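Letter by letter, the chains look like this.
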Amino acid sequence: MKIKSLSVNIIGLISMLSVISFNLSAKEIVTEGSTTVLPIAQIAAEVFMDKNPGVDISVRGGGSGVGITSFIDGNCDIATASRAMKDTEMQKAVGNGKDPKAFVVAMDGIAVILNPSNSVAGLTKKQLKDIYTGKISDWSKVGAGKGKIVVISRDSASGTFEAFNELALDKQKVRRDALMQASNQAIANIVAKTPQAIGYVGLGYITDSVKAIPINGIIADKKTVLSGKYPLSRPLFMYTNGVPTGLVKDFIDFIMSEDGQKLVEEEGFVGLK
Amino acid sequence: MKTRRFKEKIYKWMFAVSSFSALIFLLGIIIILFKEGLPLFNEVSLYDFITGKNWYPTYDPPEFGILPLITATLLVTLGAMFVCIPLGVGSALYLHELAGEKKRAVIKPLIEILASIPSVVYGFFGMVIAAPFFQTFFKLPTGLCALTASIILGIMAIPTVCSLAEDALSYVPKSYKEASYALGANRWQTMIKVVMPAAGSGISTAIILGMSRIAGETMTVLMVAGGAAIITSSFLVPVRPMTATIAAEMGEAAVGSSHYQALFAIGLVLFLITLIFNLIAEIISRKYRLKLGLSV
């Protein structure tokens with residue numbers, strides 16, 4: 001009885017080991033980092049894996065900082081980031097024998113939207129910041145008729161919020177009475193129905209029922225975001241160790257390809273082509 | 001003979017297992033809530049968590065104060081009570097005491113249909129119809145506010161309150177009513193002075209379970225409450241109940257981060273609140289059955 005169960009265990013163990021060794025020999029890439037880049041990495045990984053059976057790409061979030069730390073420690077092949085690596089991170093990476101190479105895979109632009117009935121034709125970045133941090137609460141302060149500003153924001157865990165908070169608010173806290181919404185679509189819907197509302201969404205969510213306004217006189221569109229002229233735009237990065245080779249190169253090449261950039265656009269970002 | 005007994009035993013075991021499975025799920029959920037939520041208190045004290053006025057979970061340093069979320073849940077629940085108590089208890093009284101068999105056969109299933117409407121549909125209704133209406137009616141900057149959430153949640157809780165209150169009314173012994181009529185009381189007097197007090201604790205149970213349902217409702221408040229984490233006693237401003245916070249942020253909180261733990265800790269607080277509601281309801285209903293001489 002005992003011998004039998006032992007032999008069963010051994011067979012089980014052997015088969016388990018063989019599965020593990022098989023996985024080691026399979027092609028695998030780990031990407032980790034920014035929640036903003038996450039949808040791009042995810043959709044690109046899915047399509048890439050469909051095209052290349054046997055390849056396994058695991059995509060992890062956690063935030064730009066988390067991804068870069070993981071990259072420095074050698075726990076991921078590609079670090080995704082919604083900001084450039086800081087000098088301290090670069091030094092650490094070099095100290096750990098890494099040679100970070102940056103690829104801009106997409107541009108991220110955030111449009112500020114108002115209800116079409118709102119007479120405000122544009123805001124400065126300073127006014128926008130004051131509205132969102134609570135210094136300005138009435139439309140009359142920015143050149144429109146009197147009325148309380150209904151400030152609408154993405155919930156603070158989202159990548160869009162993170163980007164807006166960095167680009168527009170210099171990381172200051174959003175006013176407490178802002179309506180925190182769970183999706184870009186929800187923001188667009190509320191702004192469309194609320195005359196006194198202000199909100200922000202990815203470029204893909206601008207429709208006729210809301211009015212995207214220029215910031216510092218520059219309107220958000222593909223051109224101004226791509227050139228970086230629009231104040232609420234930023235590049236999204238993928239970092240690899242050295243000039244990529246093998247599977248990592250294939251994956252980066254795929255994202256930069258026309259097909260890959262199409263996916264980028266589908267996810268609401270601005271493609272580079 | 002032997003096989004029959006054996007079969008019986010198997011059936012008994014099967015049903016025992018299925019009834020205990022609920023217990024296992026409950027335990028599992030409680031364990032996960034504690035396991036994922038408690039580590040937060042290494043970083044934030046329980047006192048600061050409960051009484052903190054700022055909910056800024058993703059800033060550096062983060063602030064995990066859920067007082068605005070708790071007050072929002074309580075405010076919205078209180079508001080919903082004003083809708084579901086009169087309508088729920090009222091319809092129970094009507095169905096049980098006044099309506100004839102025919103009316104009852106129509107109205108009761110209709111009320112039950114209210115319970116079968118998915119909460120996202122209620123949320124949609126609130127967003128598209130109720131919120132814009134209140135926005136223009138009260139001249140509000142936005143109709144997504146505690147009032148809208150309260151009214152929609154109140155409507156959602158009507159079936160719960162109504163059917164439980166009706167059960168409570170049906171437990172009132174017929175002899176009470178007969179005695180009341182015999183003393184010359186009319187229908188209204190009998191209903192208000194005899195039936196209602198006799199079923200009073202059962203009706204309270206119905207109300208408390210309705211509250212518990214309201215406090216735990218998520219999708220609707222996410223869609224119509226507005227989502228501003230502020231402490232207020234006004235029904236006309238946007239609020240952010242606990243459930244909405246968890247639902248909105250869980251998807252994007254990094255697993256294992258303190259934000260993630262804080263969301264579980266909110267779940268824990270919410271669980272404790274509804275647990276207290278349910279315990280109170282249980283205690284009241286037991287006492288009341290004893291009072292009426294019914295078996296527990």
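All figures in this text were calculated on a predicted structure; none of them were measured in a lab.

A. Here's a closer look at the overall build of chain B. When helices and strands are tallied, chain B shows 11 helices and two strands. Secondary structure elements of chain B occur, N-terminal to C-terminal, as α-α-β-β-α-α-α-α-α-α-α-α-α. C-alpha atoms of chain B, sized along the principal axes, occupy 70 × 70 × 35 Å. Summarising the internal contacts of chain B: among those between residues at least 6 apart in sequence, 70% fall at separations of at least 24. Carbon and sulfur atoms make up 70% of the accessible area of chain B, which totals about 15,500 Å². In chain B, the 23 positive side-chain charges and the 16 negative ones have mean positions that sit 15 Å from each other.

B. Quick peek at the interface of chain A and chain B. With 28 residues of chain A at the contact, the number on the chain B side is 27 residues. For the pair chain A and chain B, the summed buried surface comes to about 2,100 Å²; carbon and sulfur atoms form 56% of the total. The largest per-residue losses of area from chain A upon contact with chain B belong to Ala157, Lys173 and Arg176 of chain A, which jointly make up 29% of the total buried on that side. In this structure, the connection of chain A to chain B is made through one salt bridge.

C. Examining the confidence of the model for chain A more closely. Predicted confidence across chain A gives a mean pLDDT of 86, with 90% of residues reaching 70 or more. When pLDDT is averaged over each element of chain A, helix H5 (residues 125-133) of chain A comes out on top at 95 and helix H1 (residues 2-25) of chain A at the bottom at 48.

D. Broad picture of the pairing of strand S9 (residues 233-241) of chain A. All names here are of chain A. For S9, the buried fraction is high: seven of the nine residues fall into the buried class. In terms of strand pairing, strand S3 (residues 78-81) meets S9 through four bridges, oriented antiparallel. Note on S9: the bridge partner recorded for Ile78 is Thr240. Note that strand S4 (residues 100-114) and S9 share nine bridges and pair antiparallel. When the sheet's bridge partners are listed, Ala106 is paired in S9 with Leu236.

E. Focus on the side chain of Ser64 of chain A. Residue and element names in this part refer to chain A. Its location among the elements puts Ser64 in helix H3 (residues 64-72). According to the relative accessible area criterion, Ser64 is buried, its value standing at 5%. The contact partners of Ser64, leaving out residues within four places of it in the chain, are Gly33, Ser34, Thr80, Ala81, Ser82 and Arg83.

F. Structural context of helix H5 (residues 119-137) of chain B. Of all the bends in H5 of chain B, the largest measures some 40° and sits at Gly126 of chain B. Within H5 of chain B, the full set of buried residues consists of Tyr122, Gly123, Gly126, Met127, Ala130, Ala131, Phe134 and Gln135 of chain B. Buried-residue contacts for H5 of chain B involve helix H7 (184-193) of chain A together with helix H4 (101-116), helix H6 (146-171) and helix H9 (219-224) of chain B. Lys139 of chain B occupies a position one or two residues after H5 of chain B and carries a positive phi of about 55°.

G. Geometry of unusual backbone geometry. Unusually for a residue other than glycine, Lys171 of chain A sits at a positive phi of about 65°. Take Lys171 of chain A: it is sitting in the loop between helix H6 (159-167) and strand S6 (179-181). Phi is positive for Lys139 of chain B, which is not a glycine, with a value near 55°. If you trace the backbone, Lys139 of chain B turns up in the loop between H5 and H6.

H. Geometry of the pattern of salt bridges. All names here are of chain B. Under the definition given, this model contains 22 salt bridges over all chains. Glu97 is paired through a salt bridge with Lys177; the nearest N and O atoms lie 3.3 Å apart. Separated by 80 residues along the polypeptide, Glu97 in helix H3 (residues 67-98) and Lys177 in helix H7 (residues 174-182) bring together distant segments of the chain.

I. Examining the nonpolar core more closely. Core analysis: the largest hydrophobic core is formed by 60 residues, its most contacted members being Ile152 of chain A together with Ile203 of chain B. Discounting residues that sit within four places of it in the chain, Ile152 of chain A has contacts with Tyr132, Leu179, Gln181, Ile187, Ile190, Val191, Ala197, Ile198, Gly199 and Tyr200 of chain A.

J. Geometry of the environment of Pro241 of chain B. Residue and element names in this part refer to chain B. Summarising the element assignment, Pro241 is placed in the loop between H9 and helix H10 (242-249). The spatial distance from the C-alpha of Pro241 to the C-alpha of Thr160 is 21 Å, given a sequence separation of 81 residues. Other than its neighbours up to four places away in sequence, Pro241 contacts Leu69, Ala72, Thr73, Val76, Val221 and Ala225.

K. Seen up close, the domain arrangement of chain A. Domains assigned within chain A are domain 1 (25-107 + 236-266) and domain 2 (111-219). The straight-line distance from the C-alpha centre of domain 1 of chain A to that of domain 2 of chain A is 31 Å.

L. Representation of the side chain of Arg175 of chain A in the model. Within the element layout of this structure, Arg175 of chain A appears in the loop between H6 and S6. Polar contacts involving the side chain of Arg175 of chain A include one to the main-chain carbonyl oxygen of Ile131 of chain A, which spans 2.9 Å. Every residue in contact with Arg175 of chain A, bar those within four places of it in the chain, is listed here: Ile131, Tyr132, Thr133, Gly134, Ile136, Ser137 and Val151 of chain A together with Tyr56 of chain B.

M. A look at helix H1 (residues 2-37) of chain B. Taking 1.5 Å of rise per residue, the 36 residues of H1 of chain B would be expected to cover 52 Å, and the 52 Å separating its terminal C-alpha atoms lies within 8% of that figure. The complete set of buried residues in H1 of chain B reads Leu33, Glu36 and Gly37 of chain B.

N. How the structure looks around the pairing of strand S5 (residues 150-154) of chain A. All names here are of chain A. Burial within S5 is extensive, with five of its five residues counted as buried. A two-sided burial pattern is seen for S5, the buried positions comprising Val150, Ile152 and Arg154 on one face and Val151 and Ser153 on the other. Bridge count for S5 against strand S7 (residues 197-202) is two bridges, and the pairing is parallel. Within S7, the position partnered with Val151 by the bridge is Ile198. Of the crossover connections in this fold, the one passing from S5 over H6 to the parallel S6 is right-handed.

Each value, and the rule that gives it
Residues numbered from 1 in each chain as written. Chains lettered and ligands numbered in written order. Predicted model: local features only at pLDDT ≥ 70, side-chain atom pairs only at ≥ 80, totals over all residues. Heavy atoms only, no water. Helix = DSSP H or I, 4+ residues; strand = E, 2+ residues; numbered from the N terminus. Contact = heavy atoms within 4.5 Å. Areas by Shrake-Rupley, 256 points an atom, 1.4 Å probe, with all protein chains shown as cover. Lys, Arg positive; Asp, Glu negative; His and termini not counted. Charge placed at Lys NZ, Arg CZ, Asp CG, Glu CD. Buried area = accessible area lost by both parts, 1.4 Å probe. Salt bridge = Lys/Arg side-chain N within 4 Å of Asp/Glu carboxyl O. pLDDT = per-residue confidence, 0-100. Buried < 20%, exposed > 50% of the residue type's maximum accessible area, 1.4 Å probe, protein only. Pairing = 2+ DSSP bridges. Bend = angle between axes of the 7 residues up to and from the residue. Core = buried A, V, L, I, M, F, W, Y, C linked by side-chain atoms within 4.5 Å. Domains from an automatic or database assignment. Polar contact = N/O pair within 3.5 Å; in protein donor to acceptor, adjacent residues only side chain to side chain. Expected span 1.5 Å × (residues − 1). Right-handed = clockwise from strand over helix to strand, strands pointing away.

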